[in-house]
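The primary structure of each chain is shown beneath.
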Amino acid sequence: MSVKSQLPAGQQDLFPPQPPDGTIGNLRKTNISPLGIAFMLFCLVSAGAFGIEEIIPAAGPGLTLIILMVLPFVWARPISRLVAEANAILPREGGIYAWAKETFGEFWGFQAGWWTSMDTYISSGAYIAMVGGYTSQLLSLDAEGTFVVKLLVVGCFTVVNLVGLIEVERISTFFSVLILIVFGMAVVFGLINWQTNPFDPIFATPEAPMGCLVESLSIGIWMYCGYECIAAMSGEYEDSSRNVAKGFRIALPLIALSYILPTLACLAAYPAGSWTQWGIDGGFSADVLGYGTIFSMVLGHSGVVLFLVIAIMSQCTIYNTYLASGSRSFWVLSEDNLFPKFIRKVDKAGRSPYVGVLTIAASSLVFSQFDFTTIIEMNIIFILARYMFLGFIVMRLRKMYPVENRPADMYVIGGGKVGVRLYSALA
């Protein structure tokens, strides 16, 4: 049953028309549960605590933990709530593009769609680059062997995405469970071997606390990005207006805990002062610490191998969901004649916009030749632009479709105008 049909007859014309049942354009709808959406969100945003290793020596262990604990409330929660409210009233394929077009017109819709698409096309290369790096360490590969691995991974998950969205969700769920189990093991191993205060010291450079904060905050913010990507496929979910909001309620605490608990436990398990040795290649050498080190301490070499395999899986599952999300962004622009017509091609069964999937696969191979930091630097402007615009979209939707005209069970940010303005400012 559509959201609009549940409104009183006098209010139905005030509400935006809902997508037709069965298909969105030429794409068919898929029944994905809130738990499935939560696992896809987990993959889009997190898929493990990889990357936090870089914050610890730059900020200090105490500040790192504080950042990880505070950002869910002042950054991730506002973004997720803004996305949930916009999606509840406009469950559309393309997500933020459709919302921007509805609220501010075609020009700003195109801008939002362009920012989202460029973000996905560039950032997808980062995950393939990390897969190549982890695999080369596991198998001692040269440059040519690493490229072959990248090619195989891109090819494998391109096929998964061409088969359909339900397969993307199943792969995401399977990998998410494995990743959570392994990081859960890291928590247990760390707590058993607790020997130091994980918050000591608070700052890496006590005489320059603001420098520590500024240097590390950008990575922390990036670790909590990606919530809005789930809405790019929203038109293909059954009962999207409710299931996405329910998925956020599961995913947000799951992601935050998957960052905080392993970091806390591992910092506590390593010798005092060893926080200066943390790095992005943690656990893969004797000189660099990370989450994998705890497996080496408890399980020996086999533990390092286990962690490397999970690290590879983590980046693969992020890439898998980004292929699904990103391929819809340019597709909806093409459907509205704002991008070349060939982008809108969908397979005969309506399972996937295959041209969009293939173009992201090609671009990810290109961008994976750059190092991780360079890719993030190229991408950050598109991320920030999209988040700044998201708050304006939701405030505009409040004026266009007042809360009192919406169904009683539709998700709405609490606190009235103050609440939505506060979340918009934080995002």
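All values derive from a computational prediction rather than experimental measurement. Positions within a chain are numbered from 1, following the residues in the order the chain's sequence is written. At least 70 in pLDDT is required for a residue's local features to be given in this predicted model, at least 80 for side-chain atom pairs to be given and counted, and no such filter applies to totals for whole chains, interfaces and linings, which use all residues. Only hydrogens and water are set aside; all other atoms, that is, all heavy atoms of the structure, feed into the side-chain values.

Side note on the overall build of the protein chain
Okay, so step 1: Under the scheme used here, helices are H or I runs from DSSP no shorter than 4 residues and strands are E runs no shorter than 2 residues, and both carry numbers assigned from the N terminus. What the protein chain contains, in helices and strands, is 14 helices and 2 strands.
Okay, so step 2: Accessible area is worked out with a 1.4 Å probe on protein chains only. A residue is then buried under 20% of its type maximum, exposed over 50%, and partly exposed in between. Within the protein chain, buried positions represent 58% of all 427 residues.
Okay, so step 3: Of all intrachain contacts in the protein chain linking residues separated by at least 6 positions in sequence, the fraction that spans at least 24 positions is 80%.
Okay, so step 4: Per-residue and other accessible areas follow the Shrake-Rupley method at a 1.4 Å probe size, with only the shown protein chains counted as cover for residues. Total accessible area computed for the protein chain in this model is approximately 16600 Å², and 66% of it derives from carbon and sulfur atoms. The criterion used for residue contact is that any of the two residues' heavy atoms lie within 4.5 Å.

Topic: a positive patch on the surface
Okay, so step 1: Like-charged residues are merged into a patch within 9 Å and nonpolar side chains (Val, Leu, Ile, Met, Phe, Trp, Tyr) within 5 Å, provided each residue has over 30% relative accessible area and no salt bridge. When a carboxyl oxygen of Asp or Glu lies within 4 Å of a side-chain nitrogen of Lys or Arg, that pair is called a salt bridge. Counting rule for charge: Lys and Arg are taken as positive, Asp and Glu as negative, and neither His nor the chain ends is counted. Charge coordinates come from a single atom per side chain, which is NZ of Lys, CZ of Arg, CG of Asp or CD of Glu. On the surface, R396, K399, K417 and R421 cluster together to form a positively charged patch.
Okay, so step 2: Put simply, the parts of the chain that give the positive patch at least two residues each are α13 (372–400) and α14 (416–426).

Remarks on unusual backbone geometry
Okay, so step 1: The omega torsion across D200 and P201 is 0 degrees, close enough to zero to call that bond cis.
Okay, so step 2: Residue position: P201 is located in the loop between α7 (165–192) and α8 (209–223).

As for the packing of aromatic side chains
Okay, so step 1: In this analysis, rings of Phe, Tyr and Trp, with Trp reduced to its six-membered ring, are considered paired at centre separations within 6.5 Å, and the interplanar angle assigns stacked below 30 degrees, edge-to-face beyond 60, and tilted for intermediate values. Scanning the model with the defined rule gives 17 aromatic pairs in all.
Okay, so step 2: Pairwise contacts between aromatic rings join F183, F189, Y270, W278, Y291, F295 and F307 into one cluster.
Okay, so step 3: Each ring is checked for a lysine NZ or an arginine CZ that lies within 6 Å of its centre and within 35 degrees of its normal; such an atom marks a charge sitting over the ring. Against the face of Y387 rests R386, its NZ or CZ located 5.4 Å from the ring centre.

A word on the packing of helix α5 (residues 106–139) against helix α11 (residues 301–335)
Okay, so step 1: To get an axis, fit a line to the C-alpha atoms, keeping to the stretch in contact for a helix; angles then go from 0 to 180 degrees between the N-to-C directions. The contact between α5 and α11 brings their axes to 8 Å, and the two run at 160 degrees. Considering the angle they form, α5 stands roughly antiparallel to α11. Crossing angle aside, the handedness with which α5 passes α11 is left-handed.
Okay, so step 2: Classes in brief: Ala, Val, Leu, Ile, Met, Phe, Trp, Tyr, Cys and Pro nonpolar; Asp, Glu, Lys and Arg charged; the others, Gly included, polar. Classifying every residue of the contact of α5 with α11 by side-chain character gives 20 nonpolar, 10 polar and no charged. Our angle categories are set so that under 35 degrees counts as roughly parallel, over 145 as roughly antiparallel, 65 to 115 as roughly perpendicular, and the remainder as oblique. Working rule for handedness: look at the near helix, and if it is turned counterclockwise from the far one by less than a right angle, call the crossing left-handed; if clockwise, right-handed.

Observations concerning the side chain of S363
Okay, so step 1: Among the structural elements, S363 can be located in helix α12 (residues 354–367).
Okay, so step 2: What makes S363 buried here is its relative accessible area of 12%.
Okay, so step 3: Counting of polar contacts relies on pairs of N or O atoms within 3.5 Å, with two restrictions inside protein: one atom must be capable of donating a hydrogen and the other of accepting it, and residues adjacent in sequence are counted only when both atoms are side-chain atoms. Of the polar contacts made by the side chain of S363, one reaches the backbone oxygen of I360; its length is 3.0 Å.
Okay, so step 4: Excluding residues that lie within four positions of it along the chain, S363 makes contacts with Y121 and S124.

With respect to the pattern of salt bridges
Okay, so step 1: Scanning the entire structure with this criterion turns up 5 salt bridges.
Okay, so step 2: With a shortest N-O distance of 2.7 Å, D119 and R386 are connected by a salt bridge. Taken together, the positions of D119 in helix α5 and R386 in helix α13 put the pair 267 residues apart, joining distant regions of the chain. In this pair, the class of D119 matches that of R386, namely buried.
Okay, so step 3: A relative accessible area of 1% means that R386 is categorised as buried.
Okay, so step 4: Through salt bridges with shared partners, a single ionic network connects E85, R398 and R406.

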